[in-house]
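Results of the structural survey
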Protein chains: 2
Amino acid sequence: MRYKCIVSYDGTGFAGWQIQKGYRSVQQEIQQAISKIANQPIKIVGAGRTDSHVHAVGQCFHFDLDKQYKDIRKAINSQLPKDIYIREVEIVDESFHSRFSAFYKHYDYLVNDGPYSPLLRNYCYQIHDRLDEELMRKATKILEGTHDFTSFNATSISEIENQVRTIYKIDIERRDNMVRLSFYGDGFLRYMVRILSRCLIEVGLQNLSLEQLQKMLLAKNKQVCSYNCAAEGLYLIEVSYLPY
Amino acid sequence: MRYKCIVSYDGTGFAGWQIQKGYRSVQQEIQQAISKIANQPIKIVGAGRTDSHVHAVGQCFHFDLDKQYKDIRKAINSQLPKDIYIREVEIVDESFHSRFSAFYKHYDYLVNDGPYSPLLRNYCYQIHDRLDEELMRKATKILEGTHDFTSFNATSISEIENQVRTIYKIDIERRDNMVRLSFYGDGFLRYMVRILSRCLIEVGLQNLSLEQLQKMLLAKNKQVCSYNCAAEGLYLIEVSYLPY
C-alpha cells in the first residue's frame, strides 16, 4: 500500500532534500528511519527537491510498503533527528504520486528589513533598507498568471524546454520588520522562487522599476536577470492535491 | 571612558553568558572581539548571566576603554560570530554599572502548545496539551507584586539570604499556537523565570490549582516546587535603566 506523508524540517543542517553522497540530506534521513521500521530498504519520492538550507513546513512524499503499520507516524518520528518531523501520514490510493498529482505548491520567502537578529540568521534574508510593500504589490501583478519564466530560473532550456508556468497568486504581508512573500503556483523551476523574490525586493528598494521587470519577463532570456536570494529565507509551505 | 552595549544572541550554541573553561560562552566571544580591537585585554560586565541555551534580545553589558573609537559597534560586530550581534553602543557616565544600575528586567518565555515544529525546536518549550490562558492570567495575579520567592528559585539561602523580589507585571499573550509569558521585575533569582513559567503552564494545563500555587508561594520552601522548564524557551528581552 501507498503512504502519503507531510514533513516539516529545518533546512539549516542539510545539503537539501535529495540524497547526495557525502552530505546530510532530508531524504536520506527519512529513508533510513522508515527502512529501519520496515526492516527492508525503502525509497521515498518527494513532491520536489528543496535546496541546501531551504526549510519546509509541509513538504510531501510517498512510499510503498506491503504491510499496514499501527501508528507508523510516531514510529518514524522516534527514529528521526530533531530537525525533521513527520506531521501527517495517511494511506492513499496507489494512483497517488507526490510529484505528479500535485495541484499547486505554496512557498514563502521571508525578508527582514529591520536590524539584524542573530536569532533569525538561518530563517530569513537580511536587507539593510526599508521595503516599499505597495510597490512590491504592484510588481506581483506583472508576475501573476501564466508566463514563460525563462528569464527567472536556472533550469537550462535543454533540460526542460517548456518554461511556461502559472503563478496563481503572490501575497506580500508585513509583520513588524518581517516581510513575507507568498507564492502559489502550479510548479516552480530551479531557483525560480528565490529569483522572483529578489526581483520583488529590488522593486521594493526602488532599484528596479515595474517597466524593467516587465521587460525582463518578456525577454525570456536567462541573461537578463542575475538576481538570486539566500536559501535561508525560503520555506516550502504546502503541496496541495486535488481530492482523489 | 565607559561603554554601555546592548547585545542580542542566539543561545543555542553557547554554554551560557559567563566564561567557563572548555565551553563556548557569549562573554568570552565578546571579550575576544573587543580585546582584538582595543589591542589589550578587556573585561566586560554583564547585567546578569543567562544559562546555557537561553537567548537574549537585549542583554546589556559595560566595559572601560581609555580611547574613544569611531564606529566601535561596527568594528566589534565584524569580529563577532553570526550568533552574536551588538545592537547599540553608547558612551555613558562612569557611575553607570550594567548590573547595579538596572531598574527592571524583562524576560519572555515562549511555549508552543500546537504541533511540534522542527524549525522552532531551539526557540520554545514544546507541550502536548492546550493551555488555558485565562486561567494562567488569574495565576499571574498571585505572583505579581513583592513576595519572598524562596519556593520558586534555585539560589540557595546561604548564597543570597534575601529572596524577596518584585514582579511588576506578568503578561500572557497567544499568537496562534505560541503562548508568550512576559515577566517584568526588579530582579530574578536562579531559574526563577523558568520555574514560574512552568508553574503558570501547569495552571494552564489544569494540573495545578490557584490555591496550590498560592500555598507554594507562602511556604517559602525550596522543597515544595520541583518544576523547571527548558532553557530554549527563555529570552532576556530588555534590561531597563533609569535616565542617569
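Residues numbered from 1 in each chain as written. Chains lettered and ligands numbered in written order. Predicted model: local features only at pLDDT ≥ 70, side-chain atom pairs only at ≥ 80, totals over all residues. Heavy atoms only, no water.

What follows covers the confidence of the model for chain A. In the predicted model, chain A carries a mean pLDDT of 96, and 100% of its residues have values of at least 70. Predicted complex, confidence summary: ipTM 0.84, pTM 0.90. (pLDDT = per-residue confidence, 0-100.)

All names here are of chain B. Counting buried residues in strand β10 (residues 234–241) gives 7 out of 8 residues, a clear majority hidden from the surface. Bridge count between strand β3 (residues 55–64) and β10: 2 bridges; the pairing is parallel. Looking at the pairing, A56 lines up with L236 of β10. As paired elements, strand β5 (residues 102–112) and β10 share 7 bridges and run antiparallel to each other. From the neighbouring strand, H106 faces β10, where its bridge partner is E238. (Buried < 20%, exposed > 50% of the residue type's maximum accessible area, 1.4 Å probe, protein only. Helix = DSSP H or I, 4+ residues; strand = E, 2+ residues; numbered from the N terminus. Pairing = 2+ DSSP bridges.)

Moving on: a nonpolar patch on the surface. Residue and element names in this part refer to chain A. Taken together, the side chains of F103, Y168 and L242 make up a nonpolar region of the molecular surface, amounting to roughly 300 Å² of accessible area. Inspection of the secondary structure assignment puts Y168 in strand β8 (residues 164–175). With relative accessibility at 43%, the residue Y168 sits in the partly exposed group. (Patch = residues over 30% accessible without salt bridge, like charges linked within 9 Å, V, L, I, M, F, W, Y side chains within 5 Å. Areas by Shrake-Rupley, 256 points an atom, 1.4 Å probe, with all protein chains shown as cover. Salt bridge = Lys/Arg side-chain N within 4 Å of Asp/Glu carboxyl O.)

On to the relation of the copies chain B and chain A, then. Superposition record for chain B on chain A: RMSD 0.0 Å, screw rotation 180°, translation along axis 0.0 Å. What the rotation and shift describe, once combined, is the action of a two-fold rotation axis. Measuring from the rotation axis to each C-alpha of chain B, the shortest distance belongs to L120 of chain B, at 5.4 Å. When the interface residues of chain B are mapped onto chain A, 94% of them again lie at the interface, so the same face is used by both copies. (Least-squares fit on C-alpha atoms with pLDDT ≥ 70 in both. Contact = heavy atoms within 4.5 Å.)

Looking now at helix α5 (residues 210–219) of chain A. Residue and element names in this part refer to chain A. Restricting attention to buried positions, one finds in α5 the residues L213, M216 and L217. Taken down its axis, α5 places every buried residue within 95° of arc, on the same side. Opposite the buried face of α5, at more than 90 degrees from it, the exposed residues are E211, K215 and L218. For α5, the secondary structure elements touched by its buried residues are α3 (133–143), β7 (145–148) and α4 (192–204). Positive phi shows up at K220, right after α5, with a value of about 45°. (Arc of directions from axis to C-beta.)

Turning to the interface of chain B and chain A, a few remarks are in order. With 18 residues of chain B in contact, the opposing surface of chain A contributes 17 residues. Between chain B and chain A, the buried area comes to about 1500 Å², and carbon and sulfur atoms account for 63% of it. For the chain B face of the interface with chain A, the top three residues by lost area are Y116, P118 and L119 of chain B, together amounting to 37%. Where chain B meets chain A, there are 2 salt bridges. A salt bridge links R121 of chain A to D10 of chain B; the nearest nitrogen and oxygen atoms lie 2.9 Å apart. Those elements giving two or more residues to the side of chain B that touches chain A turn out to be β1 (2–9), β3 and β4 (84–92) of chain B. (Buried area = accessible area lost by both parts, 1.4 Å probe.)

This part covers the nonpolar core. One finds I30, F61, F63, F152, L181, L200 and L213 of chain B to be the most contacted residues of the largest nonpolar core, which totals 68 residues. Here this core gets 8 residues from one element, more than from any other, and that element is helix α4 (residues 192–204) of chain B. Ignoring any residue separated from it by four or fewer positions in sequence, one finds I30 of chain B in contact with V7, W17, I44, F61, L80 and I84 of chain B. With 67 residues, the next largest nonpolar core counts A56, L80, I142 and V239 of chain A among its residues. (Core = buried A, V, L, I, M, F, W, Y, C linked by side-chain atoms within 4.5 Å.)

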